[in-house]
Amino acid sequence: MDYRKSNAPSNTVTRDMMKLSADTGNVYETVMIIGKRANQISVEMKQDLEKKLQEFASYNDNLEEVFENREQIEISRYYEKLPKPTLIAAQEYEEGKVYYKNPAKEKNNF
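Residues numbered from 1 in each chain as written. Predicted model: local features only at pLDDT ≥ 70, side-chain atom pairs only at ≥ 80, totals over all residues. Heavy atoms only, no water.

The name recorded for the chain in an unreviewed UniProt entry is DNA-directed RNA polymerase subunit omega, from Parabacteroides segnis. Its UniProt record gives the chain the following Sequence similarities (unreviewed entry) comment, quoted word for word: "Belongs to the RNA polymerase subunit omega family." (UniProt positions renumbered as here; feature names shortened; annotations may be inferred.)

Written out as structure tokens, the structure reads:
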């Protein structure tokens, strides 16, 4: 999933928890699924940001000459404006794009 092309809102949205938890039957399990997906998205975003900022990093240890790199600032601002990982994960869950399974429930079915 490309989080940059997500149609998730950039600010908080009130959601109906009963409607969200209809698939799992448990509000806490739904929150856990969304939380774990948000962690995955967060790690992916952080790695992507670090990779892009690494291209502009300077390895000179010169204390006298400290300068701001415009490209780094623009990249950082772009990532700050993206929707938060929890909002992206909640949107993915609502759209049915998140795959999850509960081994405890599968064990009880056998």
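Next comes the rest of the description.
A word on the overall build of the chain. Within the chain, the secondary structure is distributed over 5 helices and 0 strands. Each helix (α) and strand (β) of the chain, taken in turn from the N terminus, gives the series α-α-α-α-α. For the chain, the residues scored as buried account for 26% of the 110 residues in total. Residue pairs at least 24 apart in sequence account for 76% of intrachain contacts in the chain once pairs closer than 6 positions are excluded. For the chain, the exposed surface amounts to about 8700 Å²; the carbon and sulfur share of it is 50%. (Helix = DSSP H or I, 4+ residues; strand = E, 2+ residues; numbered from the N terminus. Buried < 20%, exposed > 50% of the residue type's maximum accessible area, 1.4 Å probe, protein only. Contact = heavy atoms within 4.5 Å. Areas by Shrake-Rupley, 256 points an atom, 1.4 Å probe, with all protein chains shown as cover.)

This next bit is on the environment of Asn 102. Turning to its location among the elements, Asn 102 is positioned in the loop between α4 (85-95) and α5 (103-109). As for Asn 102 and Thr 24, which are separated by 78 residues in sequence, their C-alpha atoms are 9.4 Å apart. Engagement of the side chain of Asn 102 in a polar contact is seen with the side chain of Glu 29, the distance being 3.2 Å. (Polar contact = N/O pair within 3.5 Å; in protein donor to acceptor, adjacent residues only side chain to side chain.)

Scanning all chains against the criterion turns up 2 aromatic pairs. Judged by centre distance (5.5 Å) and plane angle (90°), the rings of Tyr 78 and Tyr 79 are edge-to-face. Note on Tyr 93 and Tyr 100: the rings are 6.0 Å apart at their centroids and 35° apart in plane angle, and the pair reads as tilted. Taking the relative accessible area as the measure of exposure, Tyr 93 reaches 6% and is therefore buried. Judged by relative accessible area, Tyr 100 falls into the partly exposed class, the value being 29%. (Phe/Tyr/Trp six-rings, centres within 6.5 Å; stacked < 30°, edge-to-face > 60°.)

Let's shift gears to the side chain of Glu 29. With respect to the element layout, Glu 29 can be found in helix α2 (residues 27-54). Non-local contacts of Glu 29, meaning those with residues more than four positions away in its chain, are made with Thr 24, Asn 102 and Lys 105.

Relative to the 40 Å expected for 28 residues at 1.5 Å per residue, α2 spans 40 Å between its end C-alpha atoms, a close match to the ideal helical length. Among the residues of α2, Glu 29, Thr 30, Ile 33, Ile 34, Arg 37, Ala 38, Ile 41, Met 45 and Asp 48 are the ones counted as buried. The N-capping residue of α2, defined by a side-chain oxygen 3.1 Å from the backbone nitrogen of Tyr 28, is Asn 26. (Expected span 1.5 Å × (residues − 1).)

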